[in-house]
Structures are given as structure tokens and as C-alpha cells.
Amino acid sequence: MTPSAIVQKLWNYCNVLRDDGMSYGDYVEQLTYLLFLKMADERTKPPYNQPSAVPAKYNWPTLLKKDGDDLFDHYRHMLESLGNEKGLLGLIFNKSQNKFQDPSKLRRLVVDLIDKENWSVMSADVKGDAYEGLLEKNAQDTKSGAGQYFTPRPLIQAMVDVIQPKPKETLCDPACGTGGFLLAAHDYVVKHNPNMSADEKRKLKGSTFKGWELVQSTARLCAMNLMLHSIGTDKDLPIVVSDSLATDPGDRFDIVLTNPPFGKKSSTTIVAENGKVSRETDIIEREDFWATTSNKQLNFIQHVKTLLKQNGRAAVVVPDNVLFEGGAGETVRRKLLAECDVHTLLRLPTGLFYAQGVKANVLFFDKKPASETPWTKKLWIYDLRTNMHFTLKTNSLQRADLDEFVKCYNPENRHQRKATWKPELDSGSGAGMTAKGKKKGTPSPQSSPARGEEVKNQGRWRSYNYDELVSRDKASLDIFWLKDESLEASDNLPDPDVIAQEIVEDLEAALEQFREIVGDLSAKDHT
């Protein structure tokens, strides 16, 4: 059976369960528990003959033997008991609960849908892709909020394609969500290295990847995703359930790929003895950080720098505020430009993420040893945002939409790149306003044009040298140069549904900023 057929079969049954009030997220979780138990049982039989980590009184056959209320009671006790176990069992079953309302529907899922497939014999591609399909459908359910843990797969693939992980290189994601970056990197290494040695294969499976995830329920989905793709061992999966920003773990990696959670401030709700509620902003203080701030994205940038080995490579999804915010933001940008080689910025269009109101970018940089001179010589920027309109349903991002970026990046030798944008030679119609608001002629490729500055050549790829970057106000990397065609003529306007979606996203982003301001003001009132 194909992955799409399996996904459709399992998902059709989810629609039945929704009548009982079960959400998409609850369904994927219940499916995770049952799939794990079924696969653990399959591996006790030939040709595997492996001892099961699941205690005999809670193994898969015990579920098949029961029905009605007996099945319900047994399932509830099973989840409770396995959740108290250590290691892999604890990772999968911790805080697990039965979300079924009707024992007959639980039995149908167990007997008719899961038991009839041999999941262990099924290739990792088939069962892994099937599970990924369910995770994406879950992310599309905006009410669940699961979309914040799901990065669009075409974007992940393009990031991995330019980073080009190799056998024996270590890779981590400090905010791994459901494991998209880890899986894509694994697939890339396998696809591009068909003749790996036994040692390389063993290391790829057992010691190449590591992920941190703060939310237990998301870590559970990630663990199952990795298992189905044959990453990690039966006794150990490379997932840590903790706040990765809390401390330097001591581990260093060749590659860091991550999309940290959106949302600017971290805070803790404090309830006093008299019942009065206040909020304290969580400021991360670490000796390895350049700046102390409550801005999570700035902290993740600093954390990624710490996690990298010398000459290690990073690709990090960041919201726009990381590129222009003052204070700690400016400190982090100036330090990053000086102490790392910040070589590429991909400006992403709206309409990519399931979380609303997100304007994001991908920042690529390499960690370098101490030096008296700045390591960043030239930052190349690819503008995929101006005049690009995507929606999640009717015009979703495809991997082919990133082909030109990957070609321009030139991963085989990124030191040999060619701009697709060229300045106009005449100084008439191409004139515009610089970022500092002064009238001038057509800019050189190294200058910093303002948003909407008229440029007849519509190339999306150009570079800026270090001096140009640090001379900008607050060392802002929030740079655009292409003319927004929709501002010029109504004929160029995108479809109404796209305009409506972009308005919603702009309003969501503005509301989020206002929420942060209100939160900060409330915190000050209570101090």
C-alpha cells in the first residue's frame, strides 16, 4: 500500500473519531502509542527476534484479546504504566492519556487498521512518509496550534540541499519539533552516498543526529517519526525533552539546522500567596552569550553559535525582528557579523507557515576561530518575498520555487557566486531613496536601497560587503531592493484571496507585537 493510501485510510478514520470530539492532534498521539506497541511486537518475531522493551502484560497481543470496557480499562492502565518507565518508553508514553470515548472505535483502530499492516517489514520511506503525511495534516488544523512545530518540507529540503551534510558529520536541531530537519538531512546523506561503509551507516543511524524539544507531546511525535524512518536504536533515540536555551549542553556539532519557535518574549506566570497573578519576563543569562535578552530568537541565534564546532555550518529560520531590532538585537548582529562568516540570507515570502502573521528569513553562517578582523566579508541576499505570493492551500510553496535560490547559492563552491541583480548605468529613472532617506542616483550593487526603490533589473540575488552592513542604522539586515509591482498598478495585484491572507498575516503580526507590549507593561506594573 502506498504512503498516500495509508495516510488516507488512517485519516478517514480520524474523521469518524472527530464526531466523538477527538481532535486531529489527539488522534495522531493515540496512533503513535498504538503504532509503537505494534512495531515492538513485530520485532519480537522472525527475522528480528529482538527482546521487547514493553512489559509482557502490556504488549500488543493483550490489546487484541480484549473488547468493550475491559479494553478501555486495560488501555488506560497500559498508558499510565508505560508512561512511568524510563528511556524510550518514557519518551513515547510520558503523560499519555486515553482520548477515545467509545471502546468499539478503539478496537476498530487496533484490529482493523493497525494490526492488518506489518509496519516493520514496510520500508522506512513508506511508513515514514505516511506518518509525515499525518503530521502535516495535523499542522493544517489551525485550531490545534500544531503548525508552529511544522516547517514546510520544501523549505527544509532546500536548506539541506545547500548545506550538504556528509557521512560522519554530526547534526543537531535545538528546537526540533516533529523532526523535519533531522529526517531531511538523513535522507540527503543516504541518497547522495549510496556506497557508505558499515561504520558510516552505523554512525548515521546511532550517533549523527541530536534534537531538543521543549514540549513533551511534540517530542513524542518526533520520536515516533524518527523510529519509523529507522533513525536511532530500539533502546535510544537522539531526542532530549528540555529547554535547550537553559544551558550549554557541552556538545558541539558540524551542522545546526533549526526553525526556533515564533513568539518574541519568554515569560513565567507567578501566583503570589494572596492569589495575585503577575508575569516575569524570562531573561536568559549565559556566559557564552553576547547579549542578555528575553527575545527567544536572539537567544537561539547565540545558542546555535555555541553549538557549532569551529568551521561548523548553520542555517536558522528567523523572524524579521532579528534583522532590525535595536539594543540586544544590534549587539548580536554586530558580533555575529564579526565573529562568524554570515554569508547568506534568504528572505521568505508570507503564506508559508501554519502559524499566522509570520514574516521570516533563513540566515546561513559558519562559526570561525578568533580573529582580529571580521569574518564576514560579503552577505549575499536572495529576495523570495517581493512580488511573490503563496498560500497554504491554493498556491503552496514547492521545492521547485527554491531552485533558483539553490543555484545562486552555489553549494559546490559558495565563494564563486554571481549576482542576478545589476545596477542601471544611467542615473535618471532608476533614482530612488537610500535607506537613510537621501536622494541619490542609481545605487551601486554594494549600497543599501530602500524598500520599493525602483530598479529596472529585477534580479533577486545580490551582495553587500561588511562595511556597508555595519554602517547601516543598527547594522540592520532588513534589506530589500526590488520594486513592489502591486503598488504600481491594479493590474498587477494578486488574487483577492491572496491579498486577504496577506492582510490577515500583517494584522496577526501587529497584534502579536501589541501583546508583547501589553505583557511588558503588565510586568513593569507588578514590579
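Q: Describe in detail the confidence of the model for the protein, supporting the description with residues and values.
A: Interpretation of the predicted coordinates at a detailed level should be avoided for regions scoring low in pLDDT. Of the residues in the protein, 81% reach a pLDDT of 70 or more, and the chain-wide mean stands at 83. Note on residues 266-280: pLDDT under 50 across the span, and 26 contacts to partners over four residues away in sequence or across chains.

Q: Explain the nonpolar core residue by residue, including any values.
A: By size, the foremost hydrophobic cluster in this structure holds 103 residues, and its most contacted members are Y27, L346 and F364. The dominant element in this core, judged by the number of residues it contributes, is helix α2 (residues 24-42), at 11 residues. When neighbours within four sequence positions are excluded, Y27 is seen to be in contact with L10, W11, Y13, C14, L17, M22 and L109. Within the second largest apolar cluster, 36 residues are counted, among which are L298, L337, L345 and L477.

Q: Help me get a handle on the pattern of salt bridges, residues and values and all.
A: Under the criterion given, the structure shown has 24 salt bridges. Where K45 meets D41, a salt bridge forms, and the shortest distance between an N and an O atom there is 3.2 Å. On the accessibility criterion, D41 (11% relative accessible area) is buried. A salt bridge links R107 to D67; its shortest N-O distance comes to 3.7 Å. In this pair, R107 is assigned in helix α6 (residues 103-114) and D67 in the loop between α3 (60-64) and α4 (68-83), connecting sequence segments 40 residues apart.

Q: Give a detailed account of the sheet that holds strand β13 (residues 461-465), specifying residues and quantitative values.
A: Spatial ordering of the open sheet is given by β3-β2-β1-β4-β7-β9-β8-β10-β13, a layout of nine strands whose pairing is mixed. Only two strands of the sheet have a single neighbouring strand rather than two, namely β3 (239-241) and β13. Going across the sheet, the axis of each strand differs from the next one's by a mean of 15°, ignoring polarity. For strand β10 (residues 378-383) and β13, the ladder comprises five bridges, and the chain directions are antiparallel. Bridged to Y382 within β13 is W461. The strands that helix α12 (residues 296-307) touches are β1 (171-173), β4 (253-258), β7 (308-319), β8 (340-347) and β9 (360-367); relative to β7, the one it contacts most, it runs at about 160°.

Q: Tell me about the packing of aromatic side chains, residues and numbers included.
A: Summed over the entire model, instances satisfying the criterion amount to 12 aromatic pairs. For the pair F364 and F405, a centre-to-centre distance of 6.0 Å together with 35° between the ring planes defines the contact as tilted. Remark: F405 occurs in helix α15 (residues 403-409) and F364 occurs in strand β9; sequence separation between them is 41 residues. Neither residue differs from the other here; F364 and F405 are each classed as buried. Ring geometry for F405 against W461: centres 6.5 Å apart, planes inclined by 80°, an arrangement best described as edge-to-face. Placement of the pair is F405 in helix α15 and W461 in strand β13, with a sequence separation of 56 residues. Residue class for W461 comes out buried when judged on its relative accessible area of 0%. Among the aromatic residues, ring-to-ring pairing joins F364, W380, Y382, F405, Y409 and W461 into one connected group. A cation over a ring is seen here: K305 above W290, with NZ or CZ 4.7 Å from the ring centre.

Q: Give a description of the packing of helix α7 (residues 124-140) against helix α11 (residues 216-228) that names residues and reports values.
A: Geometry of a packed helix pair, given as the angle between the helix axes and the separation of the axes. Closest axis-to-axis distance for the α7/α11 pair is 8 Å, and the angle between their directions is 155°. By the angle class used here, α7 and α11 are roughly antiparallel. Only L221, M224, N225 and L228 of α11 make contact with α7, whose side of the interface consists of A124, K127, G128, Y131, E132 and L135. Looking at the contact of α7 with α11, its residues break down into six nonpolar, two polar and two charged.

Q: Tell me about the environment of K57, residues and numbers included.
A: Here K57 is to be found in the loop between α2 and α3. Separated by 17 residues in sequence, K57 and H74 place their C-alpha atoms 9.7 Å apart. Residues contacting K57, with those up to four places away along its chain left out, are T62 and H74.

The rules behind these values
- Note that residues are indexed from 1 along each chain, following the sequence as it is written.
- Under the rules for a predicted model, residues below a pLDDT of 70 receive no local features and side-chain atom pairs below 80 are neither given nor counted, while totals for whole chains, interfaces and linings still include all residues.
- Only hydrogens and water are set aside; all other atoms, that is, all heavy atoms of the structure, feed into the side-chain values.
- Residue-level confidence of the predictor is summarised by pLDDT, bounded by 0 at the bottom and 100 at the top.
- Only heavy atoms enter the contact rule, under which two residues are in contact if any of them lie within 4.5 Å.
- We call a set of buried residues a nonpolar core when its members are Ala, Val, Leu, Ile, Met, Phe, Trp, Tyr or Cys and they connect through side-chain atoms within 4.5 Å of each other.
- Only protein chains enter the calculation, and the probe is 1.4 Å; a residue is then buried if its accessible area is under 20% of its type maximum, exposed if over 50%, and partly exposed in between.
- Each helix is a run of H or I in the DSSP string that is no shorter than four residues. Each strand is a run of E no shorter than two, and both are numbered from the N terminus.
- Salt bridges, as used here, are contacts in which a Lys or Arg side-chain nitrogen is within 4 Å of a carboxyl oxygen on Asp or Glu.
- DSSP-based pairing: two strands are paired if at least 2 bridges between them are found.
- Here an angle of 0 to 180 degrees is reported between the N-to-C directions of two axes, which are lines fitted to C-alpha atoms, with helices fitted over the stretch in contact.
- Any pair of Phe, Tyr and Trp rings, taking the six-membered ring for Trp, is counted once the centres come within 6.5 Å. Such a pair is stacked with planes under 30 degrees apart, edge-to-face with planes over 60 apart, and tilted for the rest.
- The rule for a charge over a ring is simple: NZ of Lys or CZ of Arg within 6 Å of the ring centre, and within 35 degrees of the ring normal.
- Note on angle classes: values under 35 degrees are labelled roughly parallel, values over 145 roughly antiparallel, values of 65 to 115 roughly perpendicular, and the remainder oblique.
- Residues are grouped as follows: Ala, Val, Leu, Ile, Met, Phe, Trp, Tyr, Cys and Pro are nonpolar; Asp, Glu, Lys and Arg are charged; every other residue, Gly included, is polar.

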